[in-house]
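One letter stands for each residue in the lines below.
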Amino acid sequence: TSTTSARKDNPTFFLAKILNNIGILHYSMGKLIASIATFEESLDIQRSIMGSIAGDEAGHMLLNMSVTLINAGMVSVKHNQLEVASSLVEEGLIVQQSVLPDNHRAVKSTLKLLSSLLHQDGNSSEPLSSIEELEIELPRQLSLGSQRKTNEVMSRCVDMLSLGSVKNELNGQQRVSHSMQYKYLAQLIASEGQSKRHCSWVDVGEQMSCDKDFNLSTICEQASRHLKQNETTKATELFHRIRRSRSNKCGDVDLIVASIHHILGLIHLHTQNYQSARVELQEATKIRSRKLDPDHSDVLASQTKRAITMIALQDYDKALSTLQRLLANLRKRFGYNHYSVAIILNCIGICHYEFGGTLTALKSFEESVEILQGSTKEPENDHEKKFLLILLSRALSNLSFIQFKRKEYAEAIVALEEGLKVQKIALGEHHTFVKSTIESLAFMMAVANCLDNKDKLNQVTKMYCEMLRQ
C-alpha cells in the first residue's frame with residue numbers, strides 16, 4: 001500500500017496531527033492545561049493505531065509521535081514538572097532513534113534538550129532548546145520549539161516598520177500595528193526584565209540602596225504570564241502598583257521607575273493605545289536622559305519607541321526630529337554600520353515618504369539596505385542571522401516600494417526579488433509574509449508589462465503569481 005493511500009484509509013492519522021497542532025495553539029495562548037490535555041489525546045490516538053500501520057507509514061507515525069511527546073514535555077516544563085518533562089522527552093528520543101540514525105540533526109537536538117532538562121533546577125529562566133522540524137518527504141507537524149524561536153526573532157524586528165505592499169499601502173498607524181503585534185508582547189516584556197542593559201544601574205551612586213531587594217525580572221515574568229492569557233489590564237495594574245511603591249521609596253527620578261514607564265509604553269504601543277504610550281515613553285525618556293548618557297542603551301531604547309509612537313499618531317514632524325537626534329547618538333555609540341542604525345534609517349525613510357520626499361526616502365532605504373547586507377555576512381549565530389535577514393527583507397521591500405512609486409519598475413522588481421529570496425531563507429517558503437511578497441512582486445511585474453493595456457493587469461498579475469509560486 002502506498003503512503004498516500006494509507007493516509008486516506010486512516011483518518012485518525014490526520015486527527016492525531018491536527019490535535020498536536022491544536023495543542024500548539026492552546027500553548028501559544030497560554031492555556032497550558034488545555035494544551036497538555038490535547039497533546040495527551042493526540043498521543044493516545046497515535047498509540048492506538050500503531051499496530052494497524054506498517055512500512056513507511058509506520059515510520060512517519062513514529063516521527064509524529066516523537067514531536068508530540070517532546071511538545072508535551074515542553075509544556076510540562078512550564079508547569080515546573082521537570083521529572084514528567086524529562087520522561088516525555090526521553091520517550092520522544094527513543095521513538096526518534098527507532099526511525100532516524102543517531103547522527104540525524106533532530107536526534108542531536110533532542111539529546112541537547114534532554115540534557116538541558118536534566119540540568120534544570122526548577123528555578124532557571126533559561127529557554128530550553130527544542131527539536132528542529134524533521135526533514136522528511138511527508139506532511140510536517142508543527143513544533144512548539146520552532147514556533148517559539150520564530151516568535152522570539154520576530155519580536156526583535158518590531159521596530160523595522162513597513163510601508164506596506166504596493167497594492168495595499170499602509171498609513172502611519174497601520175504600519176506600527178502591523179509590526180507591533182500583540183502576540184510578540186509577552187516575549188518583549190519578559191526580555192525587558194532579563195535585559196543586561198540594567199546591569200549598569202548599580203554604577204549609579206544613590207541607586208544602590210534602592211536596587212538591593214528589587215527583582216525586575218520576576219515582575220516582568222509575572223506580567224508576561226498575564227499577557228499570554230490576554231490579561232492586559234492585570235499586567236498594567238501590576239506595573240502601576242510597582243511604580244507607585246517605587247516612587248514613594250526612591251523618588252520619581254529613579255531608573256527603575258523609568259524602566260516601568262518604558263514597559264508600560266511598550267504595552268500601550270502593542271495594544272494600539274498610542275496616546276498613553278506617548279505619555280509613558282516621554283516620561284521614561286525624560287528620567288533616563290537625566291540619569292544616563294545620551295548614547296546609553298536605555299535612553300536610545302525609549303527614544304526609539306517614542307519616535308515610533310509619533311509615527312503611529314501621524315506626527316511625522318516630531319517623529320523625524322526625534323529620529324535624527326537618535327541617529328546621531330546611535331552612530332556615536334555603535335558606528336555607522338550597526339543594524340540599529342539601519343532600523344532608524346528605515347524609520348526616517350518612512351517619515352520622508354510621508355512628507356512627499358521620495359528621493360530622500362530612497363536614499364535612507366538604500367543606506368539601510370547597504371548596512372544590513374554587510375551585517376548579514378558574519379552573524380554571531382543562527383538566531384542572529386535570522387533576525388538580520390528579516391530586517392534586510394523589510395528594508396528591501398520598502399526600497400522596492402519607493403522605487404515603484406518613482407516608476408523605476410526594473411529597479412523595484414530587482415529589489416523585491418532579492419527581498420523575497422532573503423525572506424524564504426529566514427521564514428521558509430510557506431510563511432504568510434512570503435506569500436504576500438510574491439503577490440506584490442507579481443503585481444509589479446504585471447504593471448511593468450501592461451503599461452499600455454491596463455485591462456489585462458489582473459490577468460497578467462495572476463499569471464506571474466502562479467509562475468513565482470512554482
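Below is a summary of the structure that appears in this document.

Calculation notes
Residues numbered from 1 in each chain as written. Predicted model: local features only at pLDDT ≥ 70, side-chain atom pairs only at ≥ 80, totals over all residues. Heavy atoms only, no water. Helix = DSSP H or I, 4+ residues; strand = E, 2+ residues; numbered from the N terminus. Buried < 20%, exposed > 50% of the residue type's maximum accessible area, 1.4 Å probe, protein only. Contact = heavy atoms within 4.5 Å. Areas by Shrake-Rupley, 256 points an atom, 1.4 Å probe, with all protein chains shown as cover. Expected span 1.5 Å × (residues − 1). Salt bridge = Lys/Arg side-chain N within 4 Å of Asp/Glu carboxyl O. Phe/Tyr/Trp six-rings, centres within 6.5 Å; stacked < 30°, edge-to-face > 60°. Axes fitted to C-alpha atoms, helices over the stretch in contact; angles between N-to-C directions. Parallel < 35°, antiparallel > 145°, perpendicular 65-115°, else oblique. Nonpolar A, V, L, I, M, F, W, Y, C, P; charged D, E, K, R; others polar. Core = buried A, V, L, I, M, F, W, Y, C linked by side-chain atoms within 4.5 Å. Left-handed = near helix turned anticlockwise from the far one by under 90°. Patch = residues over 30% accessible without salt bridge, like charges linked within 9 Å, V, L, I, M, F, W, Y side chains within 5 Å.

## Some thoughts on the overall build of the protein
Along the protein, the regular secondary structure elements total 22 helices and 0 strands. For the protein, with 470 residues in total, the buried portion stands at 53%. For the protein, contacts bridging at least 24 residues in sequence account for 64% of all contacts bridging at least 6. Looking at the protein as shown, the accessible area adds up to about 22400 Å², and 49% of this sits on carbon and sulfur atoms.

## A closer look at helix α16 (residues 316–334)
Look at α16: 25 Å from first C-alpha to last across 19 residues, which is about the 27 Å you get at 1.5 Å a residue. For α16, every residue scored as buried is listed here: Tyr316, Ala319, Leu320, Thr322, Leu323, Leu326, Leu327, Asn329 and Leu330. Following α16 by one or two positions, glycine 335 has its phi on the positive side, about 90°.

## Topic: the pattern of salt bridges
For the coordinates displayed, the defined rule picks out 9 salt bridges. Note that aspartate 159 is salt-bridged to lysine 305, the shortest N-O span being 2.6 Å. Here lysine 305 lies in helix α15 (residues 297–312) and aspartate 159 lies in the loop between α7 (144–155) and α8 (172–179), a separation of 146 residues in the sequence. With respect to burial, aspartate 159 and lysine 305 carry one shared label: buried. The closest approach of N and O atoms between aspartate 254 and arginine 246, which form a salt bridge, is 3.1 Å. With respect to burial, aspartate 254 and arginine 246 carry one shared label: buried.

## Focus on the packing of aromatic side chains
All chains considered together, the criterion is met by 4 aromatic pairs. Pairing phenylalanine 404 with phenylalanine 443 gives two aromatic rings, centres 6.2 Å apart and planes at 45°, and the pair type is tilted. In this pair, phenylalanine 404 is assigned in helix α19 (residues 382–405) and phenylalanine 443 in helix α21 (residues 432–449), connecting sequence segments 39 residues apart. By the burial criterion, phenylalanine 404 is buried, and phenylalanine 443 matches it. Aromatic ring contacts, followed pair by pair, group Phe404, Tyr409 and Phe443 into a single cluster.

## Details of the environment of isoleucine 344
Note that isoleucine 344 resides in helix α17 (residues 339–354). Note: C-alpha distance between isoleucine 344 and leucine 326 (18 residues apart in sequence) is 7.8 Å. Apart from the residues lying within four places of it in its own chain, the contact partners of isoleucine 344 are Thr304, Leu323, Leu326, Leu327 and Leu330.

## A word on the packing of α8 against α15
Running from N to C, α8 and α15 point in directions that differ by 130°, and their axes come no closer than 6 Å. By the angle class used here, α8 and α15 are oblique. Mapping the contact onto sequence places Gly172, Gln173 and Val176 in α8 and Ile308, Ile311 and Ala312 in α15. For the contact of α8 with α15, the per-class residue count stands at 4 nonpolar, 2 polar and no charged.

## Points about the nonpolar core
Ranked by size, the top nonpolar core spans 70 residues in total, and within it Val176, Ile311, Leu323, Leu391, Ile402 and Phe404 carry the most contacts. When contributions to this core are tallied by element, the ones reaching two or more residues are α14 (274–291), α15, α16, α17, α18 (358–375), α19, α20 (409–427) and α21. Not counting chain neighbours up to four residues away, the residues in contact with isoleucine 402 comprise Leu163, Tyr353, Thr358, Ala361, Leu362 and Phe365. Cys220, Ala235, Ile263 and Leu266 belong to the second-largest nonpolar core, a separate cluster that totals 18 residues.

## A word on the packing of α20 against α21
Relative to each other, α20 and α21 sit at 165°, their axes nearing to 10 Å. When the axis of α20 is compared with that of α21, the two are roughly antiparallel. Every pair of crossing elements has a handedness; the one defined by α20 and α21 is left-handed. Within the contact between the two elements, α20 uses Tyr409, Ala412, Ile413, Leu416, Glu417, Leu420, Gln423, Lys424 and Leu427 and α21 uses Phe433, Val434, Thr437, Ile438, Ser440, Leu441, Met444, Met445, Val447 and Ala448. Here the contact of α20 with α21 is composed, by residue class, of 14 nonpolar, 3 polar and 2 charged.

## A short note on the side chain of serine 165
Its place among the elements puts serine 165 in the loop between α7 and α8. Classification of serine 165 as buried rests on a relative accessible area of 18%. With near-sequence residues (within four places) excluded, serine 165 lies in contact with Phe401 and Ser440.

## Things to note about unusual backbone geometry
The residue asparagine 230 is not glycine, and still its phi comes out positive at about 65°. Inspection of the secondary structure puts asparagine 230 in the loop between α11 (216–228) and α12 (232–250). Look at lysine 407: it is not a glycine, yet its phi comes out positive at around 65°. Of note, lysine 407 is situated in the loop between α19 and α20. On the basis of relative accessibility, which here comes to 62%, the residue lysine 407 falls in the exposed class.

## Regarding a nonpolar patch on the surface
A surface patch of nonpolar side chains, about 240 Å² in accessible area, is lined by Phe14, Ile18 and Ile22. Positionally, isoleucine 22 belongs in helix α2 (residues 11–28). Exposure remark for isoleucine 22: the relative accessible area of 34% places this residue in the partly exposed category.

## Notes on the environment of glutamine 272
Structurally, glutamine 272 can be placed in the loop between α13 (255–270) and α14. Here the alpha-carbon distance between glutamine 272 and glutamine 181, two residues 91 residues apart in the chain, equals 9.1 Å.

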